[in-house]
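An overview of the molecular structure
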Amino acid sequence: MDLRIFTEPQQGAGYDTLLTVAKATEDLGFDAFFRSDHYLHMGSVDGLPGPTDAWITLAGLARETERIRLGTLMTAGTFRLPGVLAIQVAQVDRMSGGRVELGLGAGWFEEEHKAYGIPFPKERFARLEEQLAIVTGLWGTETGGTFSYDGTYYQLTDSPALPKPAQDKVPVLIGGHGAKRTPRLAARYADEFNIPFASLEDTERQFGRVRAAAEEAGRGADDLVYSNALVVCVGKDDSEVARRAAAIGRDVAELKANGLAGSPAEVVDKIGAYEALGSSRIYLQILDLHDLDHLELISSQVMSQLA
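Rules and cut-offs
- Residues numbered from 1 in each chain as written.
- Predicted model: local features only at pLDDT ≥ 70, side-chain atom pairs only at ≥ 80, totals over all residues.
- Heavy atoms only, no water.
- Phe/Tyr/Trp six-rings, centres within 6.5 Å; stacked < 30°, edge-to-face > 60°.
- Helix = DSSP H or I, 4+ residues; strand = E, 2+ residues; numbered from the N terminus.
- Buried < 20%, exposed > 50% of the residue type's maximum accessible area, 1.4 Å probe, protein only.
- 1 Å grid on protein atoms, 1.4 Å probe; cavity = no way out; pocket = protein on both sides within 12 Å on 5 of 7 lines; lining within 4 Å.
- Points joined across faces, edges and corners; volume = space filled by probe spheres on them.
- Nonpolar A, V, L, I, M, F, W, Y, C, P; charged D, E, K, R; others polar.
- Contact = heavy atoms within 4.5 Å.
- Pairing = 2+ DSSP bridges.
- Right-handed = clockwise from strand over helix to strand, strands pointing away.
- Core = buried A, V, L, I, M, F, W, Y, C linked by side-chain atoms within 4.5 Å.
- Axes fitted to C-alpha atoms, helices over the stretch in contact; angles between N-to-C directions.
- Parallel < 35°, antiparallel > 145°, perpendicular 65-115°, else oblique.
- Left-handed = near helix turned anticlockwise from the far one by under 90°.

1. Digging into the packing of aromatic side chains
- For the structure shown, the criterion picks out six aromatic pairs.
- Seen from their ring centres, Phe34 and Tyr283 are 5.0 Å apart, and the 70° between their planes marks the pair as edge-to-face. Of the two residues, Phe34 is situated in strand β2 (residues 32–35) and Tyr283 in strand β12 (residues 281–286); the sequence distance between them amounts to 249 residues.
- Judged by relative accessible area, which is 0%, Phe34 ranks as buried.
- Assessed through its relative accessible area of 0%, Tyr283 is described here as buried.

2. Observations concerning empty space enclosed by the protein
- If you walk through the whole model with that rule in mind, you get one cavity of 30 Å³ or more.
- Its volume calculated, the largest cavity comes out at about 80 Å³.
- Lining of the largest cavity is provided by Val232, Cys233, Arg244, Ala247, Ile248, Ile286, Leu287, Asp288, Asp291 and His294.
- Of all the secondary structure elements, the ones that give two or more residues to the lining of the largest cavity are β10 (225–234) and α8 (238–247).
- Taken together, the residues that form the lining of the largest cavity break down as six nonpolar, one polar and three charged.

3. Observations regarding the side chain of His294
- Among the structural elements, His294 can be located in helix α11 (residues 292–306).
- When near neighbours in sequence (up to four residues on either side) are disregarded, His294 contacts Val232, Cys233, Val234, Arg244 and Ile286.

4. With respect to unusual backbone geometry
- At the junction of Leu48 and Pro49, the peptide bond is cis and its omega measures out at 10° in the coordinates.
- By the secondary structure assignment, Pro49 is in the loop between β2 and α2 (54–64).
- Even without a glycine there, the phi angle at Ala161 is positive, about 55°.
- Position of Ala161 among the secondary structure elements: in the loop between β7 (155–159) and β8 (172–175).
- Judged by relative accessible area, which is 4%, Ala161 ranks as buried.

5. Focus: the environment of Thr7
- Relative to the elements of secondary structure, Thr7 occurs in strand β1 (residues 2–7).
- Expressed as a C-alpha distance, the spacing of Thr7 and Asn228, which sit 221 residues apart in the sequence, is 14 Å.
- Here Thr7 is in contact with Leu18, Val21, Phe33, Phe34, Arg35, Ser36, Ile286 and Leu289, once residues within four sequence places are set aside.

6. A closer look at the pairing of strand β3 (residues 69–72)
- Along β3, one buried face is formed by Arg69 and Gly71 and the opposite face, lined by Leu70 and Thr72, is buried too.
- With four bridges joining them, β2 and β3 adopt parallel strand pairing. Bridging from a neighbouring strand, Ala32 pairs with Arg69 of β3.
- Regarding the hand of the β-α-β motif, the stretch spanning β2, α2 and β3 is right-handed.
- Summarising the sheet, β3 and strand β5 (residues 100–105) pair through two bridges and their orientation is parallel. Looking across to β5, one finds that Leu70 is bridged to Val100.

7. What to know about the nonpolar core
- Core analysis: the largest hydrophobic core is formed by 74 residues, its most contacted members being Leu3, Trp55, Leu102, Trp139, Leu284 and Ile298.
- Examining the composition of this core, we find that eight residues originate from one element, helix α5 (residues 124–140), more than from any other.
- Setting aside residues up to four positions removed in sequence, Leu3 forms contacts with Phe30, Asp31, Ala32, Ile271, Ile282, Leu284, Ile298, Val302, Met303 and Leu306.

8. Some thoughts on the packing of helix α1 (residues 15–27) against α2
- Their axes nearest at 10 Å, the elements α1 and α2 cross at an angle of 45°. The angle between α1 and α2 places the two elements in the oblique class. Of the two elements, α1 crosses α2, and the hand of that crossing is right-handed. Counting all contacts with α1, which are made through Tyr15, Leu18, Leu19, Ala22 and Lys23, the residues of α2 involved are Thr57, Gly60, Leu61 and Glu64.
- For the contact of α1 with α2, the class distribution of residues is five nonpolar, two polar and two charged.

9. Re the environment of Gln11
- In this fold, Gln11 is placed in the loop between β1 and α1.
- Residue Gln11 is classed as partly exposed on the basis of its relative accessible area of 23%.
- Along the chain, Gln11 and Ala24 lie 13 residues apart, while their C-alpha atoms are 20 Å from each other.
- Not counting the four nearest positions on each side in its chain, Gln11 is found in contact with His41, Met42, Val45 and Gly47.

10. What to know about the pairing of strand β9 (residues 192–196)
- With four of its five residues buried, β9 lies for the most part within the structure.
- One ladder, built from three bridges, connects β8 with β9; its direction is parallel. Note that in β9 the partner of Leu173 across the bridge is Glu192.
- Of the crossover connections in this fold, the one passing from β8 over helix α6 (residues 181–189) to the parallel β9 is right-handed.
- Relative to β10, β9 is paired through five bridges, and the arrangement is parallel.

It is worth stressing that arrangement in space is one thing and function is another; only the former is reported here.
This is the structure in structure tokens:
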């Protein structure tokens, strides 16, 4: 079971904080550092010092880390043109020596689009499908060749399809709860399918849909990695769990029901239940980015047992 650290910087974290967490992620033996792609905070937090751009942040971290994988859950398709995104991701992959993964989604948070003057089209899922075709098509074009695409929303003519990533294949993550279109899109383009903040029952149901869609598309169901993203709140005892829950404005009972919360033993058992459904990777949503002791506890008391 791979454990990855997943951050939500729009809730209030500058680059220096993210760098500190990324370095701790690497030093403590976690597999990867991922971040959300949002420009506006959610809920009652003030979001200070303000948003950071996902791919600019990852470019900086690519040069400041050596081992961990780096990526997004999920890059919003509404924020970037697909040709430009392909260039950005390929460049950051080269800057990292081949450690980048691209999670790409349709975009959903209309308020942040209004706040920063970003168009919020109705046909976002159809656009996402074209974006995936373009990004993967550009990367898959042989050096010296050209790539063209004539879609409903995007047209590319004789693109040189450069630069190329350092990796032969940048892993593409697709995720969500959609019952039909999402599994079909994952079956066609994804190396990994991620379901965010889902119960065991919903996880089993959605993994089943994706596996069936993969087989219908002519792929082996096990060709994809299956993963979960879950909020985490671990403590050595009940009082420490309660303190950490209060720090992120959540109730302990709710966290235990909907995430990974409690003692290390409780969290290990819950992760084991997800693993039994086919999940081989957990993205641990860390909401208090200043509590590095939390990361150390997860590394020493949770990850060590999973290993």
